[in-house]
Amino acid sequence: MNQRQKQLLSILEQQGDWMKGKALATLLAVSDRTIRSDIEKINREVEGTILSHPHKGYLLSVENRQIVETKILPQTADERLNFLLKYLLTSKGAHPLLDLADRLYVSYPTIKLDLQRATQIVATYPDLQLRYKEGTIELLGTEFHKRRFYRDLLATEIKDDFINLDKVMDMYADLDFEWVWTCFQDTLKRYDYPVRSASLPMLVLHIGIALRRAIDAQFIGELPEDVVVTEQERSLAQDFIDQIARHFHLMIPDTEVYSFARLLNTYRDIQQLRIKTDFKGKTIDFDQVVQEIGRRLEELSGLDFLADQDFLMRLHLHLQGLVERLRFDLELPNAFFHDLKRQYPLVFDIAVNISTYLGNILETDLNEEEIGLIAVHIGASYSHLMESRKIPVYLLAPKNYSLVTSSLERLEQRFAHRIQIVEQSDYFSVDRLQQKEVELVITFSPIPQSLSIPVVCLSTFFNAEDELTLIAALNKIEKQQTDVQLALQIRKFLTERFFYSNLDMKDADSVLQFMADNLYQEGIVSDEFLSSVRQREALSPTDFDYAIAIPHPLQAYSKQSVISIAVLSEAITWGKYPVKMVIMLALKDTDSQFIQLFFHWLGNCLGRPEKMENLLSAQTGEAFISAILDE
């Protein structure tokens, strides 16, 4: 199954409903005939995977959905765990372990390790139990408690951390990293060496990088003279590296042992961070570089990264590792962060900007893999600093009714981070509601008339289904807010004279040249604009799946903020994906915050196939704006 066919399955899985062949062809930038051919090939591989209907189009089979999911996505530990938990929650009876292993295309020992992790999670719910019996496994518990568990799984997916242990381990799924992680934990316990839980994801990330280098026989040379570690750290590092060497049949030099011991030392004691180093004949002051990056990040995002001490420490440590890799000409493995640009386009774009600054300081061009690692550090801090805007709510609930009182406490406990109760009232009043600037009404009793804003009616006992309903309503409001904000901004920047439909171009650079030249001739941008756009593309192409590219310069070279859009007559190869629509951003410094809004919106859209189809079908600027608003 090729990449396009996997993407086709992913679109149908996200859609969850019938979808026309023409829509699929639009999203994948291919012909209707190619779609039919791909579907035939998929159905030959797994019979009945995709259903077809002469009028409705295509639908992913419910019976084969779980099998398809395992074919769409890499077989990572985190994805397998989520699949197993949901499968056990939604299917009845006992399931043979061998069948689960076959379904997920993994070995029997691997499925047992996955189920051990599942057991640890389920154990936190006293009313649920995973029962093993005669080579089978079954989730036991009442439907109520299963629904509660499913609710928590959904909430975790919605508000997941940018980086966590599961995600880091997924990056090294091909390295038997479950064993590496277990070995590392056991070694820490044996030496009674505590590590803060908040530091573990990044520490394990560095272990994976070192292991990749060792497998590729890329080792650190001589270490700086200021490497000082304790005897406990040296012994722990030696023990752990020896186990790694035996397991993977590697010869690992002592320099790697001391490098890892220093890593442990730094994560325990921030005072051990090196202040300066010599590189290419000049002194690099890590403190100054970190402070400057923090200042630039605040300019780009409006968030105070310098207030996040963990981020400053991790970034400082990363810069040390970056200089070592450059000094010894070591390559960062290219298997990282395949989906990072797609899932977090804003974070990745900020990382590109910071990498340009670092490249100037270090007199070298950082490759896409190094940019991806910088994005992980920025994203880990960004997710903590970026507090979600609370949605103002009008709450209709009797204050002195004991049953509702306990439900209100649960509502506050579960949703205080997402809603702000502007007013609570015992009775409904349209006049009072109109006096308040609210975006949602939450009520514990039906409202006799329709309103212009969303209403969520909860049951008296505020159960798990109520929570799921409220989560869905809040998500919908947040997406609509982003769409409206973006549409209002784009109306200011988009004019029909810079919207090109049915544009016939043969390659990406020809498109960039055409669009940038027109902007220059109209006095919108300076003559440095096109060169900066090309430099940005060289660092990491700005194409995304669903046939879209978002070229923009590294710096603001615009005299007026303009968005130029080109819909191509035929898809062209850009970076990784074929591209049919090109959205060029030419913004002034004063409008740079729009990029944050734009990429946040794009991240949401890439998970909504119908939305992307409507955007790609737009042939005018006004139609493009209407597609943003789903009009």
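Coordinates for the structure precede this section.
The notes below deal with the structure included here. None of these values were measured; they are calculated from a predicted model.

With respect to the overall build of the protein
Assigned secondary structure in the protein consists of 26 helices and 16 strands. Here the protein, with 631 residues, has 52% of them falling under the buried criterion. Contacts in the protein between residues at least 24 apart in sequence constitute 70% of all its contacts with a sequence separation of at least 6.

Notes on the nonpolar core
With 85 residues, the main nonpolar core has Leu358, Ile378, Ile583, Phe594 and Phe624 as its most contacted residues. Here this core takes ten residues from helix α17 (residues 345-362), the largest share from any one element. Setting aside residues up to four positions removed in sequence, Phe624 forms contacts with Ile490, Leu494, Phe499, Ile565, Met581, Ile583, Leu615 and Ala618. If you look at the next biggest cluster of nonpolar residues, it comprises 38 residues, including Ala237, Ile241, Ala261 and Leu373.

Remarks on empty space enclosed by the protein
Summed over all chains, the structure comprises three cavities of 30 Å³ or more. Contributing to the lining of the largest cavity are 25 residues, with His206, Ala210, Arg213, Glu256 and Ser259 lying nearest its centre. The set of elements that each furnish at least two residues to the lining of the largest cavity consists of α11 (200-215), α12 (231-248), α13 (254-268) and α15 (309-327). Per element, the largest residue contribution to the lining of the largest cavity is seven residues, and it comes from α11. Looking at the lining of the largest cavity, its residues break down into 15 nonpolar, five polar and five charged. Residues from two domains meet in the lining of the largest cavity; each of domain 3 (157-267) and domain 4 (276-374) gives at least three.

A look at the packing of helix α10 (residues 177-190) against α12
Axis separation between α10 and α12 bottoms out at 10 Å; the angle between their running directions is 155 degrees. Here α10 is positioned roughly antiparallel relative to α12, judged by the angle of their axes. Relative to α12, α10 is oriented so that their crossing is right-handed. Residue-level contacts link Trp179, Val180, Cys183, Phe184, Thr187, Leu188 and Arg190 of α10 to Leu236, Asp239, Phe240, Gln243, Ile244, His247 and Phe248 of α12. Residues of the contact of α10 with α12, tallied by class, amount to nine nonpolar, three polar and two charged.

As for the sheet that holds strand β8 (residues 391-396)
Sheet strands line up and pair through hydrogen bonds in the backbone, either parallel or antiparallel. Taken together, four strands build an open sheet; the order of strands is β9-β8-β10-β11 and the sheet is parallel. A single partner strand is all that each edge strand has here, and the edge strands are β9 (419-425) and β11 (455-457). Taking the axes of each pair of neighbouring strands and ignoring which way they run, one obtains an average angle of 25 degrees across the sheet.

What about the layout of surface pockets?
The computed volume of the second largest pocket comes to approximately 710 Å³. Every element with two or more residues in the lining of the second largest pocket is listed here: α14 (286-301), α17, β16 (578-586) and α24 (593-605). Element by element, the count of residues in the lining of the second largest pocket is highest for α17, at eight residues. Grouping the constituent residues of the lining of the second largest pocket by class yields twelve nonpolar, eight polar and seven charged. When residues of the lining of the second largest pocket are sorted by domain, at least three fall in each of domain 4 (276-374) and domain 6 (484-629).

Topic: the environment of Leu606
Inspection of the secondary structure assignment puts Leu606 in the loop between α24 and α25 (609-617). The sequence separation of Leu606 and Tyr546 amounts to 60 residues, and the corresponding C-alpha distance is 7.5 Å.

Considering the sheet that holds strand β5 (residues 136-140)
Taken together, the three strands give an open sheet; going across it, the order is β3-β5-β4, and neighbouring strands pair in antiparallel fashion. Unpaired on one side and paired on the other, β3 (95-96) and β4 (129-133) mark the two borders of the sheet. Both β3 and β5 contribute to a ladder of two bridges, which runs antiparallel. When the sheet's bridge partners are listed, Pro96 is paired in β5 with Thr136. Each of β4 and β5 touches helix α7 (residues 108-122); the most contacted strand, β4, lies at about 140 degrees to it.

Reading the values: rules and limits
- Residues numbered from 1 in each chain as written.
- Predicted model: local features only at pLDDT ≥ 70, side-chain atom pairs only at ≥ 80, totals over all residues.
- Heavy atoms only, no water.
- Helix = DSSP H or I, 4+ residues; strand = E, 2+ residues; numbered from the N terminus.
- Buried < 20%, exposed > 50% of the residue type's maximum accessible area, 1.4 Å probe, protein only.
- Contact = heavy atoms within 4.5 Å.
- Core = buried A, V, L, I, M, F, W, Y, C linked by side-chain atoms within 4.5 Å.
- 1 Å grid on protein atoms, 1.4 Å probe; cavity = no way out; pocket = protein on both sides within 12 Å on 5 of 7 lines; lining within 4 Å.
- Points joined across faces, edges and corners; volume = space filled by probe spheres on them.
- Nonpolar A, V, L, I, M, F, W, Y, C, P; charged D, E, K, R; others polar.
- Domains from an automatic or database assignment.
- Axes fitted to C-alpha atoms, helices over the stretch in contact; angles between N-to-C directions.
- Parallel < 35°, antiparallel > 145°, perpendicular 65-115°, else oblique.
- Left-handed = near helix turned anticlockwise from the far one by under 90°.
- Pairing = 2+ DSSP bridges.

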